[in-house]
Amino acid sequence: SPTITEVDAFLADTSPDDPRYAILKKMEQQTFRASHIVNNLLNFAANRPRSVDVVSLPELVRATVGIHEDLFKAKEIALHVAEIPDALLPANFYEMQQVLTNLLLNARDACARGGNVWIDGEKGASSVTVRVRDDGRGIPAELQARIFQPLVTTKRGQGGTGLGLAISERIVKSIGGEITVESAPGAGATFSIILPLWNDTEAH
């Protein structure tokens, strides 16, 4: 696959009006994301400290959905994105994008062709909750208690590594957040991420 330098070179030689430009932009985003995923795997193994920035939640959701929307269309799954509250998070953009990616792709894989995935958010006084819900096959009760443990997966034999949710939980907890799941077999699943809001007073 091309390196980020090669993709940047292609972009520099391509007009924004060129039909290939949008594809190259997605390649650029995916290459950045792949690099950060590798770093996160290393961080997961070594428990290294992470950098924290100020992340716009609506921009995070928009960018993540933009990268993956073609994967939903290919399976004829409708992705419903509600209005996301205007919230700033003390987080790393690419790490939070990895969390949302894991939840979105898990939801997609749980759905039959023609299924539905919903994303919405709710802002409180000091936190914001982001929910990813699907109408797929659901998660057995005995697995829900272990779903965030490393090497536990609902996609055994289908390419699942069992690391996605474990890494997601560690990322969320590293900024003082929480991730939970509610599900019943045959009735879909809802993953909720509760995240602290950026506090300007803590930045000084």
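Residues numbered from 1 in each chain as written. Predicted model: local features only at pLDDT ≥ 70, side-chain atom pairs only at ≥ 80, totals over all residues. Heavy atoms only, no water.

Caption draft 1: Examining the packing of helix H4 (residues 93–110) against helix H6 (residues 164–174) more closely. Running from amino to carboxyl end, H4 crosses H6 at an angle of 140 degrees, the nearest separation of the two axes being 9 Å. For the element pair H4 / H6, the angle class is oblique. When you trace H4 past H6, the crossing you get is left-handed. Listed contacts from H6 to Glu95, Met96, Gln98, Val99, Asn102, Leu103 and Asn106 of H4 are Gly164, Leu165, Ile167, Ser168, Ile171 and Val172. (Axes fitted to C-alpha atoms, helices over the stretch in contact; angles between N-to-C directions. Helix = DSSP H or I, 4+ residues; strand = E, 2+ residues; numbered from the N terminus. Parallel < 35°, antiparallel > 145°, perpendicular 65-115°, else oblique. Left-handed = near helix turned anticlockwise from the far one by under 90°. Contact = heavy atoms within 4.5 Å.)

Caption draft 2: Spatial organisation of the pairing of strand E5 (residues 127–134). When strand E4 (residues 116–123) meets E5, the two strands line up antiparallel, connected through 7 bridges. Residue pairing across strands places Val117 opposite Asp134, the latter belonging to E5. Bridge count for E5 against strand E7 (residues 189–196) is 8 bridges, and the pairing is antiparallel. From the neighbouring strand, Val128 faces E7, where its bridge partner is Leu195. (Pairing = 2+ DSSP bridges.)

Caption draft 3: Molecular detail of the packing of aromatic side chains. Across all of its chains, the model carries 1 aromatic pair by this definition. Taking 5.6 Å as the distance between ring centres and 80 degrees as the angle between the ring planes, the aromatic pair formed by Phe93 and Tyr94 counts as edge-to-face. In this structure, Arg133 packs its charged tip against the face of Trp118, placed 4.0 Å from the ring centre. (Phe/Tyr/Trp six-rings, centres within 6.5 Å; stacked < 30°, edge-to-face > 60°. Lys NZ or Arg CZ within 6 Å of the ring centre and 35° of its normal.)

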